[in-house]
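Given next are the chains, with one letter for each unit.
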Amino acid sequence: MIRLNDITSQVLSYHPKADIELIEKAYVYSAKVHQGQIRLSGEPYLSHPLEAAYILTQLRMDVVCIAAGLLHDVIEDTHAELEEISGLFGEETANIVDGVTKISKIHFKSSKHRQAENVRKMILAMSTDIRVILVKLADRLHNMRTLGFQSEEKQRAIATETLDIYAPLAGRMGIHWIKSSLEDLCLFYLEPEIYTSIKSLTARRQSEMGDFMKRVQDILTEELAKVNISVTIKGRQKHFYSIYKKMIAQDLEVSQVYDILAFRVIVNSIKECYEALGHIHSIWKPVSKRFKDYISVPKANMYQSLHTTVFGPMKERMEVQIRTWEMHHVAESGIAAHWKYKEGRAVQKADEKRFTWLKELLDWQKNLDDPQEFLETVKMDLFPDEVYVFTPTGEVKSFPKGATMIDFAYSIHSEVGEKCSGAKVDGRMVPLRAELKNGNIVEVITSPKQHPSKDWLNFVKTSKAKTKIRQWIKTQGKEESVSLGRSILEKALQHERLTVPNLLKSEQVTAVAKELSFQTGEDLIAEIGFGKISPNQVVGRLRPKLVDNEEAHQGLVSKVVSRFTRPKPDVGIKVDGVSDMLLHFANCCQPLPGEKVVGFITRGSGVAIHNANCRHIKEADPDRLVAVTWEPTEKSTYPAKLRISTVEGKGILADISTVFSQKDANIVQAEVKTTVDNKGIALFTIEVENYDQLQDIIRTIKKVRNVLAVERLQDA
């Protein structure tokens with residue numbers, strides 16, 4: 001088992017000035033809180049954070065990161081609190097531990113490629129400090145090394161997750177040896193028979209491969225020395241998982257795989273890389289279409305090398321990678337390699353290009369004696385415009401930054417979005433306009449009574465949600481407009497003594513719709529309801545189409561019957577002599593029976609009845625005005641507002657109230673105030689039956705002693 005001294009010695013080997021007190025303090029605390037906990041292997045639980053921390057030293061990490069490695073499980077598996085970690089070890093250490101804890105809570109349930117990529121992005125998006133990822137990779141690598149103590153079912157689940165999520169993450173970070181180790185371990189648990197076959201194959205060829213590697217190394221060293229290129233040749237056997245991928249890609253049996261060796265030619269400059277490539281191709285024939293230049297076009301994870309495959313000695317196919325020493329260390333250790341190879345240098349623009357996938361990289365430190373100085377500058381914001389959240393079933397969904405619960409609901413299904421009445425995030429109720437955050441588990445609550453609101457358009461972000469909300473509003477608005485338009489057109493036709501049995505399906509209405517460039521009669525009638533088409537314009541075009549039909553099929557008797565079977569006069573307002581249930585009185589002027597009134601066709605809210613002198617009517621579109629009249633009514637009352645100015649005097653309000661009582665007007669609301677010049681202003685809302693009654697009341701109040709003025713109020 002790894003011991004604390006192994007870790008501190010390793011740190012001091014690459015950073016002699018390191019303050020290892022923080023590591024020692026983290027070790028003592030981790031031992032204390034994990035005391036009594038045992039792993040499935042039977043070892044003390046403390047062995048796991050020690051192993052993870054040691055892996056981090058192999059990445060040459062700083063003391064803060066290694067301390068976080070020792071503490072990475074204390075929040076999840078003990079009673080330790082994040083605030084305590086922050087107080088004891090600093091906010092930087094606590095943030096790394098918190099990030100690793102959050103990632104550990106992600107439960108990956110699908111092996112689909114898109115879902116795996118989303119989870120990888122989520123992990124990166126959640127980790128604003130790259131050390132969070134590195135600690136998690138160290139944690140996963142040791143867990144994979146000890147996976148044999150788990151049940152077979154758990155072995156396959158963890159290995160699948162590792163292969164889909166964490167091995168590619170290690171590749172994205174450019175840490176090749178961790179990626180390869182994870183992949184080989186996953187192959188052992190997921191395809192044990194193939195793993196055993198590959199292991200047996202390489203074991204059988206071990207002796208001959210050793211001789212072959214030495215021969216290739218000698219030839220390359222000798223030939224390149226002739227052109228003054230100093231090289232280091234490293235031969236290696238390809239990793240088992242790499243061999244397995246080749247078997248799958250080329251549909252080969254294990255016995256048919258021959259090129260399982262690869263060579264790395266390490267030189268001192270980029271120029272020598274290309275010179276060495278030319279000489280190698282002059283020694284051995286290259287395999288067609290097997291050359292890649294990752295120096296001119298580096299991989300996203302900073303990797304650079306020249307790759308070629310040649311027919312080597314005895315016509316054996318072998319892969320050759322040519323790189324500089326700096327490229328080699330970047331290939332092996334990824335992002336961590338820069339702590340050693342950027343010491344004392346100014347920032348290079350080429351270096352920043354290597355980190356384009358990080359999106360945001362602060363200035364490099366010019367003096368990197370302490371690796372922590374470098375780490376403090378590197379913060380990740382890989383996907384600043386995206387957030388990744390879970391459905392309750394574990395599916396990962398991506399959204400633009402600022403997306404809300406409504407966007408999430410519509411991503412599930414349009415009907416879920418339309419009926420969305422609430423949402424829970426991690427089990428807690430949140431407002432519908434609450435923004436999604438990385439790692440949220442979101443549950444939508446629906447109600448059959450819920451419908452989309454125009455207000456939703458003010459905060460939804462996804463195009464799907466916006467489109468579906470607009471479609472619903474337009475559909476509902478059209479249904480209301482069709483209903484209103486049909487009612488208005490029927491009344492206009494009745495006024496002209498014309499009859500159309502079924503407006504929506506009428507051939508004559510459809511013909512008029514085509515003349516006015518509409519697709520259907522329903523579209524035309526909806527436009528009448530919206531107030532964009534005058535009903536009189538439609539009636540004018542319908543009349544010649546209907547008159548001939550009526551004269552041919554309707555005799556005098558039927559005309560008389562039709563006249564007598566018209567709707568009887570009803571209470572209230574009539575539009576051209578016909579009752580209309582879609583009428584409402586405008587609040588701005590509150591017309592009274594007996595006043596001259598006019599109707600205004602609103603957009604989707606029926607006909608509003610205004611006083612003919614109302615300011616809004618004078619400014620309205622004439623095509624949307626319809627003639628209306630008062631009809632005999634049963635005894636009904638209407639509100640009217642009066643403002644009465646008085647000279648302050650005793651009993652004045654009592655006298656005014658007496659007038660209202662005598663004139664049979666009920667007081668609904670009253671407000672009295674005094675001006676600076678000792679005059680009284682009384683505002684009354686009363687109920688009257690008609691305009692004549694109101695005028696009678698006004699005339700009577702004007703005669704009351706100390707009343708200066710009486711006026712009827714109408715809203716602006």
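To keep things clear, this report deals only with the structure shown in the data block. Everything numeric in this text was worked out from a predicted model, so none of it was measured.

Definitions and cut-offs
Residues numbered from 1 in each chain as written. Predicted model: local features only at pLDDT ≥ 70, side-chain atom pairs only at ≥ 80, totals over all residues. Heavy atoms only, no water. Buried < 20%, exposed > 50% of the residue type's maximum accessible area, 1.4 Å probe, protein only. Helix = DSSP H or I, 4+ residues; strand = E, 2+ residues; numbered from the N terminus. Pairing = 2+ DSSP bridges. Contact = heavy atoms within 4.5 Å. Polar contact = N/O pair within 3.5 Å; in protein donor to acceptor, adjacent residues only side chain to side chain. Axes fitted to C-alpha atoms, helices over the stretch in contact; angles between N-to-C directions. Nonpolar A, V, L, I, M, F, W, Y, C, P; charged D, E, K, R; others polar. Core = buried A, V, L, I, M, F, W, Y, C linked by side-chain atoms within 4.5 Å. Phe/Tyr/Trp six-rings, centres within 6.5 Å; stacked < 30°, edge-to-face > 60°. Lys NZ or Arg CZ within 6 Å of the ring centre and 35° of its normal.

**Side note on the pairing of strand S5 (residues 306-311)**
The buried fraction of S5 amounts to five of the six residues, a majority that puts the element mostly inside the structure. Relative to S5, strand S3 (residues 285-286) is paired through two bridges, and the arrangement is antiparallel. Bridging from a neighbouring strand, Pro 286 pairs with Val 310 of S5. The sheet contact formed by S5 and strand S6 (residues 317-324) spans six bridges and is antiparallel. The residue of S6 that forms the bridge with Phe 311 is Arg 317.

**With respect to the environment of Leu 708**
Tracing the chain through its elements places Leu 708 in strand S21 (residues 707-713). Not counting residues within four places of it along the chain, the set of residues in contact with Leu 708 comprises Ser 645, Thr 646, Val 647 and Lys 679.

**Some thoughts on the side chain of Gln 304**
Turning to its location among the elements, Gln 304 is positioned in the loop between strand S4 (292-293) and S5. Gln 304 sits in the buried class, given a relative accessible area of 8%. Among the polar contacts listed, one links the side chain of Gln 304 to the backbone oxygen of Ile 295, at a separation of 3.1 Å.

**Re the packing of helix H11 (residues 176-190) against helix H14 (residues 240-250)**
For the pair H11 and H14, the least separation of the axes is 7 Å and the interaxial angle reads 65°. Where H11 abuts H14, its residues Glu 183, Asp 184 and Leu 187 lie against Phe 240, Tyr 241 and Tyr 244. For the contact of H11 with H14, a count of residues per class yields four nonpolar, no polar and two charged.

**Re the sheet that holds strand S18 (residues 638-647)**
Read from one edge of the open sheet, four strands run S19-S20-S18-S21, paired in antiparallel fashion. Each having just a single partner strand, strand S19 (666-674) and S21 make up the two edges of the open sheet. Taken pair by pair, the neighbouring strands of this sheet meet at an average axis angle of 20°, ignoring direction. Two strands pair when backbone bridges link them, and S18 and S21 are joined in this way by six bridges, in the antiparallel orientation. Paired with Leu 642 across the bridge in S21 is Arg 712.

**Some details on the pairing of strand S17 (residues 625-630)**
Residues Val 626, Val 628 and Trp 630 line the buried face of S17, whereas the alternating positions Leu 625, Ala 627 and Thr 629 sit on a face that is not buried. With three bridges joining them, strand S15 (residues 597-601) and S17 adopt antiparallel strand pairing. Residue Phe 600 lies in a different strand from S17, and its bridge partner there is Leu 625.

**Describing the nonpolar core**
In this structure, Ile 7, Ile 23, Leu 56, Ile 66, Leu 71, Leu 137 and Ile 178 are the most contacted members of the largest nonpolar core, which totals 59 residues. The biggest single contributor to this core is helix H9 (residues 130-145), with nine residues. In this structure, Leu 71 is in contact with Ala 26, Tyr 29, Ser 30, Ile 85, Phe 89, Thr 93 and Val 97, ignoring residues within four places of it in sequence. Among the nonpolar cores identified, the runner-up in size contains 52 residues, and Ile 525, Ala 526, Val 607 and Tyr 638 belong to it.

**Overview of the sheet that holds strand S9 (residues 420-425)**
By definition, the strands of a sheet pair up through backbone hydrogen bonds, in either a parallel or an antiparallel sense. As summarised here, the arrangement of the three strands in space is S10-S9-S11, forming an open sheet in which the pairing is antiparallel. Since the sheet does not close on itself, it has two edges, and those belong to strand S10 (428-430) and strand S11 (442-446), each with one partner. Strand-to-strand twist across the sheet, computed as the mean angle between neighbouring axes with direction ignored, equals 35°. Sheet topology note: the S9/S11 ladder contains five bridges and is antiparallel. Counterpart to Val 425 in the pairing with S11 is Val 442.

**Section: the packing of aromatic side chains**
Under the counting rule described, the total for this entry stands at 11 aromatic pairs. Judged by centre distance (4.9 Å) and plane angle (90°), the ring pair of Phe 188 and Tyr 189 falls under edge-to-face. Phe 188 gets classed as partly exposed once you look at its relative accessible area, which sits at 38%. For Tyr 189, a relative accessible area of 13% puts it in the buried group. Taking the centre distance of 5.9 Å and the plane angle of 80° together, the rings of Trp 630 and Tyr 638 count as edge-to-face. Accessibility assignment for this pair places Trp 630 and Tyr 638 in one class, buried. Positioned above the aromatic ring of Phe 89, the side-chain terminus of Lys 25 is 5.5 Å from the ring centre.

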